[in-house]
Amino acid sequence: MRVDLSKIEKHPDAANLLLRLDFEKDIKEILVFLKDLGIEDNQLGTYLTKNYAIFSEDLENLKTRVAYLQSKNFSKAHIAQMVRNAPFLLSFSVERLDNRLGFFQKELELSVKKTRDLIVRLPRLLTGSLEPVKENMKVYRLELGFKHNEIQHMITQVPKMLTANKRKLTEIFDYVHNVMSIPHHLIVRFPQVFNTRLFKIKERHLFLTYLGRAQYDPTKLNYISLDKLVSLPDEIFCEEIAKASVQDFEKFLKTL
């Protein structure tokens, strides 16, 4: 088992902490615990660089937190994945983890399974601040006008929408809804649009407008879905959607 302590030692507090610890008693036990949890040798260095303070945690407390997650039906593989993606997860008490799970289930009115799936996909929801989450929920409802069931659907598809930058969300919505005239129910079908860069949406929409192909109404001919508009690579977007060459697209972009 090799851990690159030189990375950890760059943090002044970490160096002090490591000097106070007994390798056999403190460090080795935690390393064995993390390996048993499913953190691979080649992931330990990255994990410990981010959360070296785990060495100052009581091993029994760590085991209790894992047992709590198991009691909530998170599988061993899911817990390992969550700990890798949110390195501070096990540094939080059972009370905190329980409050957080309760918050997401109650606030979003999700089933137990959907709440669990959401957390597995974005475990930072258990460790980060709740303020951006509460703020974004308000933005979707009050500023952007989505219904509760639409918000539920979107965040279970794209959990990052709970923590995304508010300005980015509102700018994308404003462009897609008010400039491209795409109604709420069609945005809900492809919430990944909120993960896209605004300039990409603009460039492609303007190109289609220039070609007379910007048609986003599914009840009419030559309908283009948001999915196809933003997720296809340039070559396929040009060939299949714009019916033009990549060179035409590149030439057009220079005129913007």
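Whatever comes next refers back to the structure up there.
Since this is a predicted model, take the numbers as computed values, not measurements.

Asker: Quick rundown of the pattern of salt bridges? Include the residues and the values.
Answerer: Evaluated as defined, the whole model comprises nine salt bridges. Put simply, Glu135 and Lys166 hold a salt bridge, and the shortest N to O gap is 3.3 Å. Residue Glu135 is located in helix H10 (residues 131–143), and its partner Lys166 is located in helix H12 (residues 166–179); the two are separated by 31 residues in the primary sequence. We classify Lys166 as partly exposed; its relative accessible area is 33%. Put simply, Glu135, Glu143 and Lys166 are held in one network by salt bridges that share partners.

Asker: Please set out the environment of Gln192 residue by residue, giving values where relevant.
Answerer: As for its position among the elements, Gln192 is in the loop between helix H13 (184–189) and helix H14 (198–211). Overall, Gln192 belongs to the partly exposed group, its relative accessible area being 30%. Counting along the chain gives 34 residues from Gln192 to Leu226, while the straight-line C-alpha distance between them is 8.9 Å.

Asker: Report on unusual backbone geometry, specifying residues and quantitative values.
Answerer: For Ser181, which is not glycine, the phi torsion reads 60° and is therefore positive. Following the sequence through the fold, Ser181 ends up in the loop between H12 and H13. Assessed through its relative accessible area of 54%, Ser181 is described here as exposed. The phi torsion at Lys243 lies on the positive side, around 55°, for a residue other than glycine. In this structure, Lys243 sits in the loop between helix H16 (234–242) and helix H17 (246–254).

Asker: Break down a positive patch on the surface for me, with residues and values.
Answerer: A grouping of Arg124, Lys160, Lys168 and Arg197 is seen on the molecular surface, where their side chains present a positively charged patch. Inspection of the secondary structure puts Lys160 in the loop between helix H11 (148–157) and H12. Taking the relative accessible area as the measure of exposure, Lys160 reaches 49% and is therefore partly exposed.

Criteria and thresholds
Residues numbered from 1 in each chain as written. Predicted model: local features only at pLDDT ≥ 70, side-chain atom pairs only at ≥ 80, totals over all residues. Heavy atoms only, no water. Salt bridge = Lys/Arg side-chain N within 4 Å of Asp/Glu carboxyl O. Helix = DSSP H or I, 4+ residues; strand = E, 2+ residues; numbered from the N terminus. Buried < 20%, exposed > 50% of the residue type's maximum accessible area, 1.4 Å probe, protein only. Patch = residues over 30% accessible without salt bridge, like charges linked within 9 Å, V, L, I, M, F, W, Y side chains within 5 Å. Areas by Shrake-Rupley, 256 points an atom, 1.4 Å probe, with all protein chains shown as cover. Lys, Arg positive; Asp, Glu negative; His and termini not counted. Charge placed at Lys NZ, Arg CZ, Asp CG, Glu CD.

Such coordinate-based values are descriptive only and should not be taken to indicate function.
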